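Secondary and tertiary structure notes
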Amino acid sequence: MAAGLAFVLAACSPTLARFERTLAANDSATAALRQWCEAQRIAAPAEIVADTEKDAKEAANPAIRAALGVGADEPLAFRHVRLRCGGAVLSDAKNWYVPARLTPAMNSALETTRTPFGTVVRPLGFRRERLASQHGRAKECPAGTVLSHKAVLRVANGRAISLVIECYTRANLAKEAF
């Protein structure tokens, strides 16, 4: 019962509403989280780091492949990360992406560094197409999620490069902006 009450209060939070506006104003969740971390003074400097689950594997279902505009045989890559600012995990994200639509340097950075996806692919000038948003935990998200998003990232010619499921944590609501 207490967890349910905490969720109801979080969903009504003016802080959550401001957080949602910050996300909506950015095509890159990484950029939005950096802005949020700085505004909320979660950590200084407001740097977003992707803690990657190196051995994470999750096959793309037909709906994910359709959203990305790829056939059953087209290679996809998968990355599961926890995006944090300082010691605070702000997002748990699953990302399926099309390596053939990125540069070799971008693919290498995604495979070998803790650089967030949005930072790596920023030179492509992508835009975000939100497919779903809900307060609380979507079925793909862990417990403690206060906001869930599903989105496709597209480049200027309309081709999808990534489908991401983002699970935003209570840490985003922990501090108030001054």
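Just above, that's the structure.
These lines cover the structure that appears in this document, whether it is placed above or below. (Residues numbered from 1 in each chain as written. Predicted model: local features only at pLDDT ≥ 70, side-chain atom pairs only at ≥ 80, totals over all residues. Heavy atoms only, no water.)

Focus: the packing of helix α2 (residues 14–24) against helix α3 (residues 29–40)
Rules: Each axis is a line fitted through C-alpha atoms, and for a helix only the stretch in contact is used; angles between axes span 0 to 180 degrees, taken between their N-to-C directions. Helix numbers and strand numbers start at the N terminus; a helix is a DSSP run of H or I with at least 4 residues, a strand a run of E with at least 2. What sets the label is the angle itself: under 35 degrees gives roughly parallel, over 145 gives roughly antiparallel, 65 to 115 gives roughly perpendicular, and the rest give oblique. Crossing handedness is read from the near helix: turned anticlockwise from the far helix by less than a right angle, it gives a left-handed crossing, and turned clockwise, a right-handed one. Note on definitions: a residue-residue contact is assigned when non-hydrogen atoms from the two residues lie within 4.5 Å. Three classes are used, and their members are as follows: Ala, Val, Leu, Ile, Met, Phe, Trp, Tyr, Cys and Pro are nonpolar, Asp, Glu, Lys and Arg are charged, and the others, Gly among them, are polar.
Following both chains from N to C, one finds α2 and α3 inclined at 140 degrees, their axes separated by 9 Å at the closest point. Classified by the interaxial angle, the pair formed by α2 and α3 is oblique. When the axes of α2 and α3 are compared, the crossing they make is right-handed. Residues T15, R18, F19, T22 and L23 of α2 touch α3, and the partners they reach there are A32, L33, Q35, W36 and Q40. Split into classes, the residues belonging to the contact of α2 with α3 amount to 5 nonpolar, 4 polar and 1 charged.

Concerning unusual backbone geometry
A44 connects to P45 through a cis peptide bond whose omega is 0 degrees. Here R41, not a glycine, exhibits a phi torsion of approximately 55 degrees, which is positive.

Some details on the pattern of salt bridges
Heads up, the condition is: One side-chain nitrogen of Lys or Arg within 4 Å of one carboxyl oxygen of Asp or Glu is enough to make a salt bridge. Per-residue accessibility, obtained with a 1.4 Å probe over protein chains only, is compared with the maximum for each type, and a residue is labelled buried under 20%, exposed over 50%, and partly exposed between these values.
Under the counting rule described, the total for this entry stands at 8 salt bridges. For R84, the salt bridge is made with D51, and the minimal N-O distance between the two is 2.7 Å. You can see R84 sitting in strand β2 (residues 77–85) and its partner D51 sitting in strand β1 (residues 48–52), a full 33 residues away along the chain. E53 is the salt-bridge partner of R82, the closest N and O atoms lying 2.7 Å from each other. Here R82, found in strand β2, pairs with E53, found in the loop between β1 and α4 (62–68); they are 29 residues apart in sequence, far enough to count as distant. E53 sits in the partly exposed class, given a relative accessible area of 32%. Residues joined by salt bridges that share partners form a network here, namely D51, R84 and R114.

Observations concerning the state of the cysteines
Cut-off, in case you're wondering: The criterion for a disulfide is a pair of cysteine sulfur atoms lying within 2.5 Å.
Taken as a whole and judged by the stated rule, the model has 2 disulfides. In this model, C141 is linked to C167 through a disulfide, with the two sulfur atoms separated by 2.1 Å. Because the torsion about its S-S bond is -75 degrees, the bridge between C141 and C167 counts as left-handed. Of this pair, C141 sits in the loop between β4 (127–135) and β5 (145–154) while C167 sits in strand β6 (residues 160–169), and the two are 26 residues apart along the sequence. Judged by its relative accessible area of 2%, C167 is buried.

A short note on the environment of W96
The line we're drawing: Here a polar contact is taken to be a pair of N or O atoms separated by no more than 3.5 Å, where protein atoms must pair a possible hydrogen donor with a possible acceptor and residues adjacent in sequence count only if both atoms sit in side chains.
Following the sequence through the fold, W96 ends up in strand β3 (residues 88–97). A relative accessible area of 2% means that W96 is categorised as buried. Ignoring anything within four residues of it in the chain, the contact list for W96 reads E58, A59, A60, I64, L68, A77, F78, I161, S162, L163 and I165. Of note is the side chain of W96, whose polar atom sits 2.9 Å from the backbone oxygen of E58.

Everything listed is a geometric property; what it means functionally is a separate question.
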